[in-house]
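Structural overview
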Amino acid sequence: MDFDSFFAAEINALKQEGRYRVFADLERHAGKFPRATRHRGNPGPQPAGAHRGITHETGTAEASTTEASTHEVIVWCSNDYLGMGQHPKVLAAMHQALAEHGAGAGGTRNISGTNHYHVRLEASLADLHGKEAALLFTSGYVSNWAALGTLAARLPDCVVLSDEGNHASMIEGIRHSRAERVIFAHNDPGDLRRKLAAIDPARPKLVAFESVYSMDGDIAPIREICDVADEFGAMTYLDEVHAVGLYGPRGGGVAEREGLMHRLSVIEGTLGKAFGVMGGYVAGSAALVDFIRSFASGFIFTTALPPVIAAGALASIEHLKTSRTERLRHGERVAKVRGRLEALGIPVLTNPSHIIPVMVKDPVKCKMLSDWLLDHHGIYVQPINYPTVPRGTERLRITPSPVHSDADIDHLVEALSELWGQCALSRSWAAA
């Protein structure tokens, strides 16, 4: 078999569908977010036989001959929702940890990789969610994959009830467990009740769902889902990755805002979005967390987060527990962008969260809009296509931050309005 020809054909099929993903070469600068430097063209002399680059304009592989250049862009699609990746307290904590403890963790947590920053960070996370314990992972993806996979695999004859809108990391964790999986309709407690009622009452049951769904920005009816789970004696597993830091009086997420953290068996979160660093975690009872720590291969056999990362995350979490400034400003910026776009008839998906999906509904036009905004307006917002979202729902996913200025908003709204007309895309005047 000609393997490279197969790979090339599959990639070309993605390009024909308008789904080929191109990564912008960006350089963030401390203290200047949401501004960044975009690098284009040949990064330097290429030795004979060097790999062929992917051009941003065509999405095709060809030798890079463009002269290197840079220009400033404004980032509108970052999951660093509050700009905490640039916060002085976070940077200071990381500088100190790097100077005092070096770069790496030294190994897996079980061998030589547990650092005092890990212990402090886990204690802070347990406190944030009102739980007895927490456990760190290298990413939110890994924490879902490892925790769900371990719980569902080792609870005897377990059935997992999974919201049909759950993230790929949750789906992979459940699939990895080989436990029986039942899908319930998105954010539908009634369908969950029907599915639970059909299961043997003696079987262990685990209900897995998210608080804020990252592409549509809708929010789960957590109280109602917990009511149904309690009725049938099921555990609850809530993914709060797009909510921690943003919602609740201390940034504990939607469950904290609604006074429901005590009703969740497991709360899973990330350190790589609103907290601005990287890593994932789960929080729950001491016995449950120790169980995952002791049996999850995704925890046992991977190198621990470097102390410098844990120190930055700890500083971010502790700051947001007491500061409302970032959350209040963030909410105001989101409302302003949403209102301006709706007033111009730009079709924005209605939701109660901080995520603003601008619906294009065409993969080729979605990528064309993204490319034009980046190349001609210095606006960076990536196209979101299948399989991240269903076909026919392609969109630009805009995430305002507290540090986007009024001028930044004006620039974004004017550019989108101009392009919407040029691309002959329909407008929605429901808000007008």
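The coordinates are above.
Brief notes about the overall build of the protein
The number of helices and strands found in the protein is 15 helices and 16 strands. Over its C-alpha atoms, taken along the principal directions, the protein stretches across nearly 60 × 60 × 55 Å. When each of the 432 residues of the protein is scored for burial, the buried share is 53%. Residue pairs at least 24 apart in sequence account for 73% of intrachain contacts in the protein once pairs closer than 6 positions are excluded. Accessible surface, the protein: about 19000 Å² in total, of which carbon and sulfur atoms supply 55%. On the protein, the mean spot of the 43 positive side-chain charges and the mean spot of the 49 negative ones are 2 Å from each other.

Remarks on the packing of helix H7 (residues 189-197) against helix H8 (residues 222-231)
Two elements in contact, H7 and H8, have axes whose closest approach is 9 Å; the angle formed by their N-to-C orientations is 15 degrees. The orientation of H7 relative to H8 falls into the category roughly parallel. For H7 against H8, the interelement crossing comes out right-handed. Residue-level inspection shows Pro 189, Leu 192, Arg 193 and Leu 196 of H7 in contact with H8, the latter providing Glu 224, Ile 225, Val 228, Ala 229 and Glu 231. Across the contact of H7 with H8, the residue classes break down as six nonpolar, no polar and three charged.

A closer look at the nonpolar core
Leu 121, Leu 161, Val 207, Phe 209, Ile 222 and Leu 271 are the most contacted members of the largest nonpolar core, which totals 59 residues. Sorting elements by how many residues they give to this core places helix H12 (residues 307-322) first, with eight residues. In this structure, Leu 341, Val 360, Leu 369 and Leu 419 belong to the second largest nonpolar core, which totals 34 residues.

Observations concerning the pattern of salt bridges
Here the structure, examined in full by the defined rule, presents 27 salt bridges. As a salt-bridge pair, Arg 193 and Glu 231 come within 3.1 Å of each other at their nearest N and O atoms. Of this pair, Arg 193 sits in helix H7 while Glu 231 sits in helix H8, and the two are 38 residues apart along the sequence. On the basis of relative accessibility, which here comes to 35%, the residue Arg 193 falls in the partly exposed class. Judged by its relative accessible area of 49%, Glu 231 is partly exposed. As a salt-bridge pair, Asp 406 and Arg 333 come within 2.8 Å of each other at their nearest N and O atoms. Of this pair, Asp 406 sits in helix H15 (residues 406-422) while Arg 333 sits in helix H13 (residues 325-343), and the two are 73 residues apart along the sequence. Judged by relative accessible area, Asp 406 falls into the partly exposed class, the value being 38%.

What about the side chain of Asp 218?
Its location among the elements puts Asp 218 in the loop between strand E9 (205-210) and H8. It is Arg 395 that comes nearest to the buried, bridge-free Asp 218 among opposite-charge side chains, at 7.9 Å. At 3.2 Å, the side chain of Asp 218 forms a polar contact with the side chain of Asn 187.

Concerning the sheet that holds E9
Read from one edge to the other, the open sheet built from seven strands follows the order E6-E12-E11-E10-E9-E7-E8, with strand pairing classed as mixed. Edge positions in the sheet fall to strand E6 (133-137) and strand E8 (180-184), since each has one partner strand and no second. Each neighbouring strand pair of the sheet contributes to a mean axis angle of 20 degrees, computed without reference to strand direction. Against the sheet, helix H4 (residues 116-128) contacts E6 and strand E12 (280-284), and its axis sits at roughly 125 degrees relative to E6. Docked against the sheet, H7 engages strand E7 (159-163), E8 and E9, running at close to 150 degrees with respect to E8.

Focus on the environment of Glu 224
Here Glu 224 shows up in helix H8. Along the primary structure Glu 224 and Pro 189 are separated by 35 residues, whereas in three dimensions their C-alpha atoms are 6.2 Å apart.

Rules of the game
Residues numbered from 1 in each chain as written. Predicted model: local features only at pLDDT ≥ 70, side-chain atom pairs only at ≥ 80, totals over all residues. Heavy atoms only, no water. Helix = DSSP H or I, 4+ residues; strand = E, 2+ residues; numbered from the N terminus. Buried < 20%, exposed > 50% of the residue type's maximum accessible area, 1.4 Å probe, protein only. Contact = heavy atoms within 4.5 Å. Areas by Shrake-Rupley, 256 points an atom, 1.4 Å probe, with all protein chains shown as cover. Lys, Arg positive; Asp, Glu negative; His and termini not counted. Charge placed at Lys NZ, Arg CZ, Asp CG, Glu CD. Axes fitted to C-alpha atoms, helices over the stretch in contact; angles between N-to-C directions. Parallel < 35°, antiparallel > 145°, perpendicular 65-115°, else oblique. Left-handed = near helix turned anticlockwise from the far one by under 90°. Nonpolar A, V, L, I, M, F, W, Y, C, P; charged D, E, K, R; others polar. Core = buried A, V, L, I, M, F, W, Y, C linked by side-chain atoms within 4.5 Å. Salt bridge = Lys/Arg side-chain N within 4 Å of Asp/Glu carboxyl O. Polar contact = N/O pair within 3.5 Å; in protein donor to acceptor, adjacent residues only side chain to side chain. Pairing = 2+ DSSP bridges.

Geometric values such as these leave the question of function open.
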